[in-house]
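# Breakdown of the fold
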Amino acid sequence: MKILVVGGGGREHAIIRALKQSPQCTEIWCAPGNGGISYDAHCKAISATDVDAMVAFAKEEAFDYVVVAQDDPLALGMVDALAAVGIPAFGPDKAAARIEASKVFSKNLMQKYGIPTADYAVFDDPAKVIEYVESKNKYPVVIKADGLALGKGVLICQNHEDVVAGVKEIMLDKKFGASGNHVVVEEFLTGPEVSVLSFCDGKTVKPMVSSMDHKRALDGDQGLNTGGMGTVAPNPYYTQEVADRCMKEIFLPTVAAMQAEGCPFKGCLYFGLMLTPDGPKVIEYNCRFGDPETQVVLPLLESDLLTVMQATTNGTLAETEVKFRDGAAACVILASGGYPLSYEKGKEITGLTEGQLPDCAGVTVYHAGTALKDGVLVTSGGRVLGVTATADTLAEALKSAYAASENIHFDKLHKRSDIGARALAAMQ
Ligand code: AMP
Ligand code: GLY
């Protein structure tokens, strides 16, 4: 099979490396891809959001299967557009992608079908938001832009001033464009966070191994929110008891709700959960694999990824085995100093041979923001690399990922030094 993966970050690199292990996969492409991905796949410089150009390219090259990995092309209906020209694709159609693309849609879905989540209210008038928050007078309070906002549309407001500033930013200054036409105002929840990615074929849901993201830029969960500075899997807070409860109260009801609404979900449904004192609740849904969760989840997948992905498209997931190996994985992100604000690009990366660390057993380097400039690998994004190690235990995986990352250098490299520390402490 000739396969195209749409996207160009660490998640896409992890998907490509997993797909390449399938005996069915004979040729693999990535669009747009990046410098490091080009060691593993042919790359084609088409923007992931250019639906027309991507579909034309897919037709021209006669791909057998396309994996749409990124949120915005899914929200724009790339899977629908590919289906219209007879090319099967992994991922939800436009209607089902609303589960991530519209927080108003997902919150209303959860309310209608009794799926546990934070209490909320929806507004399109900035003055009404302020009035509502004042009447509740309970802080912190969470304000979320309705639409996609590059993971930055969530504000945790500690006081009235934060609310006024947040409403101005999202609804008046339109920092996230039309995504801020509506906002969701939400109760602040507490508890450990767990990411559960799951395969869905519209009717059946099969969760993958759980994981834990580290969203803040600095050690001790300080600093700004980022796309994710590191991950571990499995997540020790996600016990069998919690998993059973999530299946019954959240996963099955969500899949049934999407079916009942006439937009069955096919692809990877990402449950962002918080284990609150009142039980597990949904913080967010994503309509795709997480980044950098994928970089620790897929290395633990024992089943053939391509077979499982096709089963989600064909509706045969119930009969398809989805098996994970025992053991653990850890991913440490190497970022450009200054990320998630401003940072420099074009710094030479040293220590890698064809993008990898061949002497570090059990370690894979996933490329998130790298480019090849005259044959030299340079930085080209905020998150540059993800160094993933697998091992029998989480402690060993972390040790190995951190030791391996010491071999990689570029100017102003920033990484957190405490990825997995909380997970290890929870296991004591
Ligand atoms: P999101 O972009 O929806 O993943 O939100 C970013 C982060 O904000 C989450 O990972 C949580 O840590 C936090 N967050 C979102 N919603 C809530 C909430 N209702 N209560 C507490 N924290 C939240
Ligand atoms: N790591 C969080 C996400 O992919 O949304």
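Residues numbered from 1 in each chain as written. Chains lettered and ligands numbered in written order. Predicted model: local features only at pLDDT ≥ 70, side-chain atom pairs only at ≥ 80, totals over all residues. Heavy atoms only, no water.

## Remarks on the site of ligand 2
Under the convention used in this document: A single heavy atom is enough: if one lies within 4 Å of a molecule or strand, its residue is considered near that molecule or strand. Within 3.5 Å is the distance limit for a polar contact, defined as a pair of N or O atoms, with the added protein rule that one can donate a hydrogen and the other accept it, and that residues adjacent in sequence qualify only through two side-chain atoms. The Shrake-Rupley method, run with a 1.4 Å probe sphere, supplies the accessible areas, and residue values consider only the shown protein chains as cover. Under the scheme applied here, ten amino acids are nonpolar (Ala, Val, Leu, Ile, Met, Phe, Trp, Tyr, Cys and Pro), four are charged (Asp, Glu, Lys and Arg), and all others, including Gly, are polar.
Neighbouring residues of ligand 2: D213, G227, Y270, N286, R288, G290, D291, P292 and E293. The side chain of R288 places a nitrogen or oxygen atom 3.0 Å from an oxygen atom of ligand 2. Note that an oxygen atom of ligand 2 is positioned 2.9 Å from one of the backbone N or O atoms of D291. If ligand 2 stood free it would expose 200 Å²; the protein chains cover 89% of that surface. Classifying every residue of the shell around ligand 2 gives two nonpolar, three polar and four charged.

## Points about the pairing of strand β16 (residues 266-276)
Our working rule: Using a 1.4 Å probe on the protein chains alone, a residue whose accessible area is under 20% of its type maximum counts as buried, one over 50% counts as exposed, and one in between counts as partly exposed. Helix and strand definitions here come from DSSP, where helices need a minimum of 4 consecutive H or I residues and strands a minimum of 2 consecutive E residues; each element is numbered from the N-terminal end. Strands are labelled as partners when DSSP assigns at least two bridges between them.
Of all eleven residues in β16, ten are buried; the element is thus mostly enclosed. Pairing of strand β10 (residues 193-201) with β16, which is carried by nine bridges, proceeds in the antiparallel orientation. What sits directly across from L197, in β16, is Y270.

## As for the site of ligand 1
Near ligand 1 there are 15 residues, and of these E186, E187, L189, E193 and E284 occur at the shortest range. In the model, a nitrogen atom of ligand 1 is placed 2.9 Å from a nitrogen or oxygen of the E187 main chain. Here ligand 1 loses 90% of its free accessible area of 480 Å² to cover by the protein chains. Contributing elements (two or more residues each) for the shell around ligand 1: β7 (141-145), β8 (154-157), β9 (183-187) and β17 (279-286). Looking at the shell around ligand 1 residue by residue, the classes come out as eight nonpolar, no polar and seven charged.

## Regarding the nonpolar core
Using the following cut-off: As used in this record, nonpolar core signifies buried Ala, Val, Leu, Ile, Met, Phe, Trp, Tyr and Cys residues forming a set joined through side-chain atoms within 4.5 Å. In this analysis, two residues are considered to be in contact whenever any of their non-hydrogen atoms come within 4.5 Å of each other.
Core analysis: the biggest nonpolar cluster contains 49 residues, and L4, V66, L82, I99, Y238, F251 and L273 have the highest contact counts within it. A per-element tally of this core places helix α9 (residues 240-260) first, with eight residues. The contacts of Y238, once residues within four sequence positions are left out, are V194, V196, S210, A243, C246, F251 and L273. Core analysis: the next-biggest nonpolar cluster, separate from the first, contains 42 residues, Y65, M229, Y270 and V297 among them.

## Here's the deal with the sheet that holds strand β6 (residues 120-123)
For clarity, the threshold we go by: Fitted lines through C-alpha atoms serve as axes, helices being fitted only where they are in contact, and the angles separating the N-to-C directions of these axes extend from 0 to 180 degrees.
Taken in spatial order, the four strands of this open sheet run β6-β9-β7-β8, and their pairing is antiparallel. With partners counted over all chains shown, the strands left at the sheet margins are β6 and β8, one partner each. Across the sheet, the mean angle separating the axes of adjacent strands is 20° when strand polarity is ignored. Both β7 and β9 contribute to a ladder of five bridges, which runs antiparallel. Across the sheet, K144 pairs through a bridge with V184, a residue of β9. Lying on the sheet, helix α8 (residues 160-172) is in contact with β6, β7, β8 and β9; it crosses β8 at an angle near 165°.

## Concerning the UniProt feature "domain: ATP-grasp" (unreviewed entry) in the chain
Stated precisely, the cut-off is as follows: UniProt positions are given in the numbering used here, feature names are shortened, and annotations may be inferred rather than shown by experiment.
When the UniProt feature table is mapped onto this chain, "domain: ATP-grasp" (unreviewed entry) is found at residues 107-314. The annotated region residues 107-314 carries 31% helix and 30% strand content, and the separation between its end C-alpha atoms amounts to 28 Å.

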